[in-house]
Amino acid sequence: MTEQKKESPFSNLLFNIVIPALILMKFSSEDRLGPTYGLIVALAFPIVYFLYDYIKNKNKNFISILGFVSILLTGGIGLLELPTSLYAIKEALIPFLIAIAVIISNGTKYSVFDKLLYRPEVFEVEKINALLKNNGSEAEFHQRTRFANFFLASSFLLSAILNYVLATIIVKSPSGTIAFNDEVARMTMLSYPVIVVPSMIILALVFYFFIRDIKRLTGLKLEEMIAVQEKHTKKD
């Protein structure tokens, strides 16, 4: 039995951003694939990549599924030639739904914060929980976790706002046209520096303050709380 491989950030970027954007910008003209087939081929790459990762690694997290739905909605708007304004709404809707899910999950056993950050693959959860119990700090820790969860939700709300504004500015042409495909490509390329970077900064701050709280409540050093992953390869 072989250890499950982690998703490659390079493959993720290549199949979800770079290749679709290049196809939409360079191969959607009438003398090549055309706007309809250009959009179909471009969206096929992230769709196939998602399905491959889902089947191979059993990646069933809520955020990945919403991302997959977002891709399908983009295709639907372009192929059905729906009003372009729906694209901006769609771009804002996905991160907004994630933010709502994060808020609803707060304080429950399905907390999105716990699923993303406070898990055995990242932290020595059992050791930390035992020390919190011995120190009588469990209630304060859960309070800090709920606080971190709200900050995590704020990063997705920021993403929703930036998505809507950027899509409104960039994507103006009628859907189903070459210009629409080109604008969606530009939106895709700009979404990383304009949207993802600010959201990642907020996430990094959440992570920093969460680690600081663990240090204060347990007395552990950073190297003592971070999980050490031992890589084993077992043959059947």
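The notes below deal with the structure included here. Just so it is clear, the structure is predicted and the values come from calculations on it, not from any experiment. (Residues numbered from 1 in each chain as written. Predicted model: local features only at pLDDT ≥ 70, side-chain atom pairs only at ≥ 80, totals over all residues. Heavy atoms only, no water.)

Considerations on the overall build of the protein chain
Check the secondary structure of the protein chain and you find nine helices and zero strands. Scanning the protein chain from its N terminus toward the C terminus, one meets helices and strands in the order α-α-α-α-α-α-α-α-α. Out of the 236 residues in the protein chain, the part that is buried amounts to 36%. A sequence separation of at least 24 residues applies to 74% of the contacts in the protein chain between residues at least 6 apart. As displayed, the protein chain has an accessible area near 14,100 Å², and 66% of this comes from carbon and sulfur atoms. (Helix = DSSP H or I, 4+ residues; strand = E, 2+ residues; numbered from the N terminus. Buried < 20%, exposed > 50% of the residue type's maximum accessible area, 1.4 Å probe, protein only. Contact = heavy atoms within 4.5 Å. Areas by Shrake-Rupley, 256 points an atom, 1.4 Å probe, with all protein chains shown as cover.)

A look at the pattern of salt bridges
With the rule as written, the count across this model stands at six salt bridges. A salt bridge links Arg216 to Glu140, with the shortest nitrogen-to-oxygen separation between them at 2.8 Å. Taken as a pair, Arg216 in helix H8 (residues 178-218) and Glu140 in helix H7 (residues 138-170) lie far apart in primary sequence, 76 residues in all. A relative accessible area of 32% places Glu140 in the partly exposed class. As a salt-bridge pair, Asp213 and Arg144 come within 3.1 Å of each other at their nearest N and O atoms. One end of the pair, Asp213, is in helix H8; the other, Arg144, is in helix H7, with 69 residues separating them in the sequence. According to the relative accessible area criterion, Asp213 is buried, its value standing at 5%. A cluster of three or more residues bridged by salt bridges with shared partners is formed by Glu140, Arg144, Asp213 and Arg216. (Salt bridge = Lys/Arg side-chain N within 4 Å of Asp/Glu carboxyl O.)

Quick word on the nonpolar core
Judged by nonpolar contacts, the single largest core of 24 residues is most densely connected at Phe113, Tyr118, Phe123 and Ile128. Of all elements in the fold, only helix H4 (85-105), helix H5 (112-116), helix H6 (125-135), H7 and H8 reach the threshold of two or more residues within this core. Every residue in contact with Tyr118, bar those within four places of it in the chain, is listed here: Phe113, Phe123, Val125, Ile128, Asn129, Phe141 and Phe210. With 19 residues, the next largest nonpolar core counts Ala42, Tyr87, Val184 and Met187 among its residues. (Core = buried A, V, L, I, M, F, W, Y, C linked by side-chain atoms within 4.5 Å.)

Focus on the environment of Ile65
The residue Ile65 is located in helix H3 (residues 62-79) in this model. The sequence separation of Ile65 and Phe50 amounts to 15 residues, and the corresponding C-alpha distance is 8.6 Å.

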